[in-house]
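# A look at the structure
Given next are the chains, with one letter for each unit.
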Amino acid sequence: MKPERVREWVASEFPGDTFETHLNASLNSPQYSAPGSHTISSGDFGDSGRAAFIESLELDPDKQVGFMVTHTVYALTDRRLCIATTGGLRPRPKELLHAGPREGLTVHWYDGRAEAGNQFRHFVFVFADGAWRGDRTGIKILGRTPKANLAHRFIEALGPAAFEVR
């Protein structure tokens, strides 16, 4: 997703906020199918590890943001972090799922490896109001770093709100 599309969305949803960066994310492992076959998961890609980590944080399950939403975009502004659904022929933010102030925001993150040279950065976002969401973004695909990968820039922009889990 191009930053311009996220910047335009932020300007319309939150006039007065200054867009800083964004992150494209996906909740679940990719599914693959071939003609005449059943759809199967190509692997876990760390999803079960992220679920176990979320459980260890003892977050309120009723405050999970976008329970069944699989593709999201995170927009970071000078005032808040916004989570929106994505979609369209030319992907762009669509529906706002949650927005919370940067004050009191905690972001736990870690990198996990998967098969075939893939690597994902897993996140758990916890807002001051108790709302939370776990997601991940690809940082290596078949051993290569995608040109559009913004995970490192996103972590830097979060500053002291981001904590690497070891």
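First, a word on scope: everything that follows refers to the structure included in this document. This one's a predicted model, so the numbers in the text were calculated from it and none came from an experiment.

Before going further, it helps to examine the pattern of salt bridges. Counted under the stated rule, the structure contains six salt bridges. One salt bridge connects Arg79 with Asp17, and the closest N-O pair in it is separated by 3.5 Å. Here Asp17 lies in the loop between helix H1 (3-13) and strand S1 (19-26) and Arg79 lies in the loop between strand S4 (71-77) and strand S5 (80-87), a separation of 62 residues in the sequence. According to the relative accessible area criterion, Arg79 is partly exposed, its value standing at 42%. Here Asp17 makes a salt bridge to Arg80, at a shortest N to O gap of 2.6 Å. Taken together, the residues span a long stretch of sequence, with Asp17 in the loop between H1 and S1 and Arg80 in strand S5 at a distance of 63 residues. A relative accessible area of 10% places Asp17 in the buried class. Residues joined in a network through salt bridges with shared partners are Asp17, Arg79 and Arg80.

Cut-offs used in this document
Residues numbered from 1 in each chain as written. Predicted model: local features only at pLDDT ≥ 70, side-chain atom pairs only at ≥ 80, totals over all residues. Heavy atoms only, no water. Salt bridge = Lys/Arg side-chain N within 4 Å of Asp/Glu carboxyl O. Helix = DSSP H or I, 4+ residues; strand = E, 2+ residues; numbered from the N terminus. Buried < 20%, exposed > 50% of the residue type's maximum accessible area, 1.4 Å probe, protein only.

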